[in-house]
Amino acid sequence: MAKPKPRSSPTPADKTPLISRPSDRTSSVEMTSSAPPLQTAFLGVDVGTGSARAGLFDEDGRLLSTASSSIQIWKQGHCIEQSSTDIWHAICAAVKSACSLANVTAEQVIGLGFAATCSLVAVDADGSPVTVSWSGDARRNVIVWMDHRAVSQAERINASKSPVLQYCGGGLSPEMQAPKLLWVKENLQESWSMAFRWMDLSDWLSYRATGDDTRSLCTTVCKWTYLGHAHMQQSDEKDSCDMETCGWDDEFWEEIGLGDLVEGHHAKIGRSVAFPGHPLGSGLTPDAAKELGLLAGTPVGTSLIDAHAGGVGVMESIPVTENPVDDADKDATCRRMVLVCGTSTCHMAVSREKLFISGVWGPFWSAMIPEYWLTEGGQSATGALLDHIVETHVAAPHLANRAASQSISLYELLNRILESMAHELKVPFVAALTEDVHVLPDFHGNRSPVADPKSKGMVCGLTLDTSEKQLALLYLATVQGIAYGTRHIVEHCNSHGHKIDTLLACGGLSKNPLYIQQHADIVGCPIILPRESESVLLGASILGAVAARKYSGLHDAMRALNAAGQVVHPSKDPRVKKYHVAKYQIFRELDGLQLANRLIMSQALDWKVKA
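What counts and how
Residues numbered from 1 in each chain as written. Predicted model: local features only at pLDDT ≥ 70, side-chain atom pairs only at ≥ 80, totals over all residues. Heavy atoms only, no water. Core = buried A, V, L, I, M, F, W, Y, C linked by side-chain atoms within 4.5 Å. Buried < 20%, exposed > 50% of the residue type's maximum accessible area, 1.4 Å probe, protein only. Helix = DSSP H or I, 4+ residues; strand = E, 2+ residues; numbered from the N terminus. Contact = heavy atoms within 4.5 Å. Pairing = 2+ DSSP bridges. Axes fitted to C-alpha atoms, helices over the stretch in contact; angles between N-to-C directions. UniProt positions renumbered as here; feature names shortened; annotations may be inferred. 1 Å grid on protein atoms, 1.4 Å probe; cavity = no way out; pocket = protein on both sides within 12 Å on 5 of 7 lines; lining within 4 Å. Points joined across faces, edges and corners; volume = space filled by probe spheres on them. Nonpolar A, V, L, I, M, F, W, Y, C, P; charged D, E, K, R; others polar. Patch = residues over 30% accessible without salt bridge, like charges linked within 9 Å, V, L, I, M, F, W, Y side chains within 5 Å. Areas by Shrake-Rupley, 256 points an atom, 1.4 Å probe, with all protein chains shown as cover. Salt bridge = Lys/Arg side-chain N within 4 Å of Asp/Glu carboxyl O. Phe/Tyr/Trp six-rings, centres within 6.5 Å; stacked < 30°, edge-to-face > 60°. Lys NZ or Arg CZ within 6 Å of the ring centre and 35° of its normal. Parallel < 35°, antiparallel > 145°, perpendicular 65-115°, else oblique.

### Notes on the nonpolar core
Within the largest apolar cluster, 91 residues are counted, with the highest numbers of intra-cluster contacts made by L181, W198, F252 and W253. Per element, the largest residue contribution to this core is eight residues, and it comes from helix α16 (residues 535-547). In contact with W253, other than residues within four places in its own chain, are A178, L181, W224, T225, W248, L258, G259, L261, V262 and I269. By size, the runner-up hydrophobic cluster in this structure holds 51 residues, among which are L433, C493, I500 and I527.

Laid out in structure tokens, this is it:
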């Protein structure tokens, strides 16, 4: 192993203060009901981009209560940062509120699991935060998942053509951890020297709760280039032991300039890994239990990335009447794709065999369901894109006031406006209103299947109209653009060996009926919604159920605790299919046009390269 090069002097920090959204530590109730006396419960914790949430579920997988607490975020350009200390305080507040709302005591909580965004956490040998910010503020020790500061580092890493890249769709995204780590080493060398552990956020949460820094196969395989299939002959789902890491490719880390991370048997990035749900340490430490209001020793399962927890919480939510042969069909799970629709959208499917698909992350062995290969597509901005499109429109403030006066959401009001417009204009279906408006939704780059972080969004068909109706059309066209992106991912995966014919959706956007119906019509698949709306929290709680030894493995727990709700079918009107075939063609042409335009401009600006 090559010795690390001497560290140079620290890069001067930019002391310009970043924009901060104050943290509100008051918990907000999402749902409440009282748990019967002596009932046991599983607890799931989910840390999203803007809040930490806690949810309690009974032994039938039914939601008892949820509570949330907001978390602080700093943004400046491509740099987006958070505080692990702030996140932990938010979790403690949410857990205590959820238990109080459900009337569940600490003794009744028999298992706990964590899910979180795939953000990067830096701590020193004492577990204290190490800054990852130009500001030098030690509180800012988390690089948020959507941070794109490491685009150039990702490009350089991908130029290495390392064999590990074939398991990441052919190249790393700047949203993954290796590029972010390289950025810190190159730009914040004092922080690089101080950091004793680099952890995915969900792994840090389980470490903070138990003192056990065993990493999850989910995080390490999906975001750190760990080759989980190195363990294929060592373990199975029913004996989910933790394992000494043997899937790190040391040559890869050396080649990209991060060879110091392999020192000490990879101590800084993970010396042991485990299947999701494996019980960690001796459960909650006394200190963590006191902070959470729970009992010391409560079992804690190895964590999941939040989107993957959504997959665990919904993948087996199949109505028996929809497909009565599912129980006998061992490959039925492999024909499903889960859409976890929130700020961004993750598209997850599993297979028995590994399938290499360009522009789509994976195949990842046991990253979600043990002993299945995971394929993971995604769109970097979906809920965030809709918010951007709507909130930056001149008509938005008036519409927001109208929605508030009617005690409905702004999006519910927009859906009603579209229904009214369709009736007034006598169009046969709502989707037809956007015949002249087309949106390429790559406002934050394209994660899949083009895998181009430099891709930009496009809107075709704008006029001088600034009315509420024009905003409604732009909103609908954006929803459709996102759905065409999903269709592109599904078709790309199916052309490379998958046989996806059913979608399952969860997350905030799945609660929007127009969003789901447009996806069903555009992709041409039925979409199954779960019985319990909080699928990510359910998936996290399932980790606790497995850690508590209530089930033999994760997949068994999923079959027992997942349950189907509404099924949304594609329209049977042939005009709808014809319409979307045409708009999808335009969608694909817009993507090609953008690439062509970029080539033209790069040739015109060749003097910049020469200079």
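### Here we look at the sheet that holds strand β23 (residues 527-530)
Within the open sheet, the seven strands sit side by side as β18-β19-β17-β16-β22-β23-β24. Their pairing is mixed. In this open sheet, the two strands that pair with only one neighbour each are β18 (361-365) and β24 (564-568). Strand-to-strand, the axes of this sheet are offset by a mean angle of 25°, without reference to chain direction. In the sheet, strand β22 (residues 502-506) pairs with β23 via two bridges, with the strands oriented parallel. Across the sheet, the residue bridging to L504 is I528, located in β23.

### Describing the environment of S358
Mapping S358 onto the fold places it in the loop between β17 (345-351) and β18. With 93 residues separating them along the chain, S358 and A451 place their C-alpha atoms 8.4 Å apart. Leaving out residues up to four positions away in the same chain, S358 has contacts with G169, P449 and H492.

### Brief notes about the UniProt feature "domain: Carbohydrate kinase FGGY C-terminal" (unreviewed entry) in the chain
Per the UniProt entry, the sites bearing "domain: Carbohydrate kinase FGGY C-terminal" (unreviewed entry) are residues 338-548 in this numbering. In the segment residues 338-548, helix accounts for 41% and strand for 18%; the C-alpha atoms at its two ends are 26 Å apart.

### Focus: empty space enclosed by the protein
Here the idea is plain: a probe the size of a water molecule rolls over the atoms and shows the empty space left. In the structure shown here, the tally under the stated rule is five cavities of 30 Å³ or more. Estimates place the volume of the largest cavity at around 120 Å³. As for the largest cavity, its lining consists of 14 residues, of which Q379, P441, D442, N446 and S448 are closest to the centre. Contributions of two or more residues to the lining of the largest cavity are made by β19 (373-379) and α14 (468-494). Here the lining of the largest cavity is composed, by residue class, of four nonpolar, eight polar and two charged. Its boundaries defined by the atoms lining it, the second largest cavity holds a volume of some 40 Å³. Surrounding the second largest cavity, H438, V439, A477, G481, Y484, K583 and F587 form its lining. Every element with two or more residues in the lining of the second largest cavity is listed here: β20 (438-440), α14 and α18 (574-604).

### Things to note about a nonpolar patch on the surface
A cluster of nonpolar side chains, I600, M601 and L605, forms an exposed patch at the surface whose accessible area comes to about 270 Å². Within the secondary structure, L605 sits in the loop between α18 and α19 (606-610).

### Considerations on the packing of aromatic side chains
Evaluation of the coordinates by the stated rule reveals 14 aromatic pairs. A centroid spacing of 6.0 Å and a plane angle of 15° characterise the contact between Y584 and F587, whose relative ring orientation is stacked. Residue Y584 and its partner F587 are both found in helix α18; the two are separated by three residues, about one turn of the helix. We classify Y584 as buried; its relative accessible area is 7%. Overall, the relative accessible area of 7% leaves F587 in the buried class. Each residue in the set Y226, W248, F252 and W253 is aromatic and connected to the rest through ring pairs, giving one cluster. The lysine or arginine in question, R149, covers the ring of W183, its NZ or CZ lying 4.5 Å from the ring centre. R487 extends its terminal NZ or CZ atom over the ring of Y584, reaching a point 4.3 Å from the ring centre.

### Notes on the pairing of strand β9 (residues 120-123)
Burial along β9 is two-sided: L120 and A122 and V121 and V123, pointing in opposite directions, are all buried. For β9 and strand β10 (residues 142-143), the ladder comprises two bridges, and the chain directions are antiparallel. From the neighbouring strand, L120 faces β10, where its bridge partner is I143. In this structure, β9 lies alongside strand β11 (residues 197-200), joined through four bridges in antiparallel fashion. Across the sheet, residue L120 finds its bridge partner in β11, namely D200.

### Comments concerning the packing of helix α10 (residues 306-314) against α16
Two numbers describe how α10 lies on α16: the axes approach to 7 Å, and their chain directions differ by 85°. When the axes of α10 and α16 are compared, the pair comes out roughly perpendicular. When α10 is examined against α16, the residues D306, A309, G310, V312, G313 and V314 are found in contact with a partner set consisting of S535, V536, L538, G539, A540 and I542. Partitioning the contact of α10 with α16 into residue classes produces seven nonpolar, four polar and one charged.

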